[in-house]
Amino acid sequence: MQIIKNGCATGVIINGTVHVLKPSSSRYHLRAEGAGGQYVCQDNCCDRGLRSDVEAIVAEAAARGATKVVLRMGQREYHYPMIAGLPVKDVSNCVGDVGEGARICAAW
């Protein structure tokens, strides 16, 4: 597990996937030893969404070998399938164990 920080955003690289977290009202959370928090939302509804901090984290994660991004996908026109050259996957399709002792949880 590798952790990248930029401003209030955090990237957690687990098994080649960067999980992008930011203080948010997203109901999806990463629980991991030494890292964790709410997933950033693409659509800027609650956490200032995709900004340069998120792009910088994803670019750094790619440089460290990450091959995909997991975050909360946006709705309407805010759906970006790629960030800094990496494909984006919606966290709601990834709930459960993600390896290295980490787990994605959905709070109701």
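Our structure is the block above this text.
Now for a look at the structure at hand. (Residues numbered from 1 in each chain as written. Predicted model: local features only at pLDDT ≥ 70, side-chain atom pairs only at ≥ 80, totals over all residues. Heavy atoms only, no water.)

This part covers the sheet that holds strand β9 (residues 96-99). Taken in spatial order, the four strands line up as β5-β4-β10-β9 in an open sheet, and their pairing is antiparallel. Every other strand in the sheet has two partners, leaving β5 (35-38) and β9 as the edge strands with one partner each. Geometrically, the sheet is characterised by an average inter-axis angle of 20° between neighbouring strands, direction not taken into account. (Pairing = 2+ DSSP bridges. Helix = DSSP H or I, 4+ residues; strand = E, 2+ residues; numbered from the N terminus. Axes fitted to C-alpha atoms, helices over the stretch in contact; angles between N-to-C directions.)

Moving on, we come to the sheet that holds strand β1 (residues 2-6). A sheet is described by the order of its strands in space; here six strands give the open sequence β1-β2-β3-β6-β8-β7, paired in mixed fashion. The open sheet has two edge strands with one neighbour each: β1 and β7 (82-83). As judged from the three bridges shared by strand β6 (residues 68-71) and strand β8 (residues 86-90), these two strands associate in the parallel manner. Along β8, the bridge assignment pairs V70 with K89. Here helix α1 (residues 52-63) sits on the sheet in contact with β1, β2 (9-14), β3 (17-21), β6, β7 and β8, set at roughly 150° to β1. (Contact = heavy atoms within 4.5 Å.)

Once that is clear, we can look at the nonpolar core. Grouped together as the largest cluster of nonpolar side chains are 17 residues, with contacts concentrated most on V18, V20, V58, V69 and L71. Residue assignment for this core shows that the elements contributing at least two residues are β2, β3, α1, β6 and β8. With four residues, the top contributor of residues to this core is α1. Ignoring anything within four residues of it in the chain, the contact list for V20 reads T10, Q38, Y39, V40, V54, V58, V69, V70 and L71. Grouped together as the second largest cluster of nonpolar side chains are 14 residues, A35, Y39, C94 and I104 included. (Core = buried A, V, L, I, M, F, W, Y, C linked by side-chain atoms within 4.5 Å. Buried < 20%, exposed > 50% of the residue type's maximum accessible area, 1.4 Å probe, protein only.)

Keep in mind these numbers describe shape, not what the thing actually does.
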